[in-house]
Amino acid sequence: MIDFLGYNDKDFPIPELPSDDACIGRVIEEHRERYFVMCEQGVFEAGVTGKIMFNSESKDEFPAVGDWVVLTPMDEKQGLIHQILPRKTVFRRRASGRKTGEQVIAANIDIAFVVMSGDEDFSLNRLERYLTIIYDGNITPVIILNKTDLFTKDETNEFVDEIKTRHPEAELIWTSALTESGIKYIIELLSPGKTYCFVGSSGVGKSSLINRLTGGERQRVDTISDSTAKGKHTTTYRELIELENGSFLVDTPGMREVGISGSDAGLEETFADIIAVAETCRFRDCTHTNEPGCAVITACESGELQEAKLENYLRLKRESDFYQMEEYERRQKGRSFAKMIKEVKNYNKAKR
Ligand SMILES: Nc1nc2c(ncn2[C@@H]2O[C@H](COP(=O)(O)OP(=O)(O)OP(=O)(O)O)[C@@H](O)[C@H]2O)c(=O)[nH]1
Ligand SMILES: [Mg+2]
């Protein structure tokens, strides 16, 4: 039985190792395809083998923070990642910008804290994007409303009510990283061997909350953007931190885009109230926009369902469907290209 960095060989049997000196480690930092992997012998800076590099069809086949991997040391400080062990859970979003496919933000997460604050960051629609991704990855969400010190009690209560009305099923904690109010409710959730990640927009206080939990100023100043950010401690890479009680926290940089991929399971859980009513619509393929006998529209009119939530559901469902269609087309294209290469090869062989 291995009990190391939350690795439990009951969850994943230890695979056959490629050599005697190979070991199991956990990815604790990710920097553009270079990884820091913590093993029992220490921390190794590692890249992936050529096999992973060339056989991977998409970015989610590369290691991510929180992954357990098989590593062979090359010297005392450098290593090579041979294999990623199966992921128990995964926090992934649609790759940002013009890239295709999915990007894994963190793997093997038990609870994801979605941090938001009451200032301009407050958005129930964005919160639902996070919930969809979290449920889709088999992770349990906990919502944190931070920076309550900036608001009156009544204002905080209003934010709390808005979140609870829209998502009564999700656990909600309101905190101030400045005054430490509410921090104890986060601590109550942290168990040894479990992994927790903090996600949310830039500046909402993810790293500040983590600093409170570690009890120290472990946050690094971002020296690169110091001149523009005036010494702001903005997080630039994902990292895993071990707490004294044996639990693990993943800090992530603020996300500008929270694009969902094909996340039907996540949508079904986030919008379970809408999905339940939709079962009773007259048409099975009802789009809940203008059909006669649409139970969802009737429920919105009577106040049983919230119209704003329905609008967001329909938007996210379209996004999920679009992603799946795009991926399907991309794979078909990839397949027909591979088929064409094969045909050319066969033709050339036949000619010889
Ligand atoms: N008033 C107040 N300020 C806070 C609180 N939490 C964080 N801050 C401040 O908000 C700013 C951003 O905090 P960070 O902890 O760096 O935010 P972050 O979510 O880690 O941001 P990124 O790393 O850019 O994603 C800092 O100036 C913090 O001091 C809080 O509870 N109350
Ligand atoms: Mg940060």
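1. Remarks on the nonpolar core
Move 1: With 63 residues, the main nonpolar core has Val37, Ile81, Phe91 and Val296 as its most contacted residues.
Move 2: Considering every element that reaches this core, the biggest residue donor is helix H2 (residues 124-136), with seven residues.
Move 3: Beyond its immediate sequence surroundings of up to four residues, Val296 is in contact with Ile274, Val277, Ala278, Cys281, His288, Leu305 and Leu310.
Move 4: Counting residues in each nonpolar core, the second largest holds 19 residues, with Ile111, Ile186, Tyr196 and Leu213 among its members.

2. Some points on the environment of Glu29
Move 1: For Glu29, the position within the fold is in strand E3 (residues 23-31).
Move 2: For Glu29, a relative accessible area of 11% corresponds to the buried category.
Move 3: As for Glu29 and Glu128, which are separated by 99 residues in sequence, their C-alpha atoms are 27 Å apart.

3. Topic: the confidence of the model for the protein
Move 1: Taken over all residues, the pLDDT of the protein has a mean of 87, while the share at 70 or more is 90%.
Move 2: Low confidence marks residues 219-231, where pLDDT is under 50. Its contacts with residues over four positions away, or in another chain, come to 17 contacts.

4. Some remarks on the site of ligand 1
Move 1: Every one of the 21 residues lining ligand 1 counts as a neighbour, but Asp149, Ser202, Ser208, Thr234 and Gly254 are closest to it.
Move 2: The contact in question runs from an oxygen atom of ligand 1 to an N or O atom on the side chain of Ser208, over 2.5 Å.
Move 3: Between Gly254 and ligand 1, the recorded distance is 2.7 Å, taken from a backbone N or O atom to an oxygen atom.
Move 4: In isolation ligand 1 exposes 650 Å². Once the protein is present, 79% of that is buried.
Move 5: When residues in the shell around ligand 1 are grouped by element, the largest group, three residues, is from helix H5 (residues 206-214).

Conventions used here
Residues numbered from 1 in each chain as written. Chains lettered and ligands numbered in written order. Predicted model: local features only at pLDDT ≥ 70, side-chain atom pairs only at ≥ 80, totals over all residues. Heavy atoms only, no water. Core = buried A, V, L, I, M, F, W, Y, C linked by side-chain atoms within 4.5 Å. Buried < 20%, exposed > 50% of the residue type's maximum accessible area, 1.4 Å probe, protein only. Helix = DSSP H or I, 4+ residues; strand = E, 2+ residues; numbered from the N terminus. Contact = heavy atoms within 4.5 Å. pLDDT = per-residue confidence, 0-100. Near = heavy atom within 4 Å. Polar contact = N/O pair within 3.5 Å; in protein donor to acceptor, adjacent residues only side chain to side chain. Areas by Shrake-Rupley, 256 points an atom, 1.4 Å probe, with all protein chains shown as cover.

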